[in-house]
Amino acid sequence: MSQINELETRITAALDRIAQGLEARQKTGTETTGDEVAALKQQLEDEKLANAQLEERVRALRDKLAAVEAANEAGQSEQSQAMRKLDQDLQSLRKANQQLRDNNQALREANQSGVAEPHLINKSMLAELEGLRATRAADRDEVEAVLAELGQVINGSTDPETQNSKTEEA
């Protein structure tokens, strides 16, 4: 019970001090209060303006990030497409090489038996040509995949934001 009385006394004293402070403030005049209010309003407007500018910068950064992510996705798509094409050409190369090995084995067997068969020679030459074409296509696709990767690296290094952040870090 004594705690309640003590708290009540403290609350009453605090309320009295608040009332005295309000009376003193009213006695000092409205000019100071008006100036303070005007200054506070100006500070509030300044903070609102700064907040709006920061929000605009955040929005612009988010837009740039979305554009960079879209470019990365497009680059990855191109790269994966180039890799698929390279894989297909390598499969074709393996198949052509296997045909060439099979035809050469048949030629060796025909030569050992003393029977020269022209259709086996033609078949072997066609397989060899197909192997050369597949090798050329695989090489071309490999070069295109490397060029696509280099293009991404070059595009990444020519991005102004990337260069700015690199120069700021240094």
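Look a little higher up for the structure.
Quantities reported herein were computed from a predicted structural model and do not represent experimental measurements.

Cut-offs and rules
Residues numbered from 1 in each chain as written. Predicted model: local features only at pLDDT ≥ 70, side-chain atom pairs only at ≥ 80, totals over all residues. Heavy atoms only, no water. Helix = DSSP H or I, 4+ residues; strand = E, 2+ residues; numbered from the N terminus. Contact = heavy atoms within 4.5 Å. Areas by Shrake-Rupley, 256 points an atom, 1.4 Å probe, with all protein chains shown as cover. Salt bridge = Lys/Arg side-chain N within 4 Å of Asp/Glu carboxyl O. Buried < 20%, exposed > 50% of the residue type's maximum accessible area, 1.4 Å probe, protein only. Patch = residues over 30% accessible without salt bridge, like charges linked within 9 Å, V, L, I, M, F, W, Y side chains within 5 Å.

Go over the overall build of the protein, please, and point to the residues and values.
When its secondary structure is counted, the protein shows four helices and zero strands. Traced from its N-terminal end to its C-terminal end, the protein shows the element sequence α-α-α-α. Contacts in the protein between residues far apart in sequence, at least 24 positions, make up 74% of those at least 6 positions apart. Here the protein has roughly 14100 Å² of accessible surface; of this, 55% comes from carbon and sulfur atoms.

Before we move on, could you go through the pattern of salt bridges and cite the residues and values that matter?
Counted under the stated rule, the structure contains three salt bridges. Residue Arg-59 is joined to Glu-56 by a salt bridge in which the shortest nitrogen-to-oxygen separation is 2.4 Å. Note that Arg-59 and Glu-56 are positioned in helix 2 (residues 30–112) at a spacing of three residues, about one turn of the helix. Between Asp-141 and Lys-85 there is a salt bridge, with its nearest N and O atoms 3.8 Å apart. One end of the pair, Asp-141, is in helix 3 (residues 118–158); the other, Lys-85, is in helix 2, with 56 residues separating them in the sequence. With relative accessibility at 37%, the residue Lys-85 sits in the partly exposed group. Residues joined by salt bridges that share partners form a network here, namely Lys-85, Asp-89 and Asp-141.

Help me get a handle on a nonpolar patch on the surface, residues and values and all.
There is a patch of nonpolar side chains on the surface, built from Leu-7, Ile-11, Leu-15, Ile-18 and Leu-22 and spanning about 500 Å² of accessible area. Assessed through its relative accessible area of 51%, Ile-11 is described here as exposed.

Explain the environment of Ala-110 to me, and be specific about the residues and the numbers.
If you trace the backbone, Ala-110 turns up in helix 2. For Ala-110, a relative accessible area of 9% gives the class buried. For Ala-110 and Leu-120, which are ten residues apart along the polypeptide, the C-alpha to C-alpha distance reads 8.7 Å.

Give me the environment of Glu-78: which residues, what numbers.
Following the sequence through the fold, Glu-78 ends up in helix 2. Judged by relative accessible area, which is 52%, Glu-78 ranks as exposed. In this structure the C-alpha to C-alpha distance between Glu-78 and Ala-145, which are 67 residues apart in sequence, comes to 8.7 Å.

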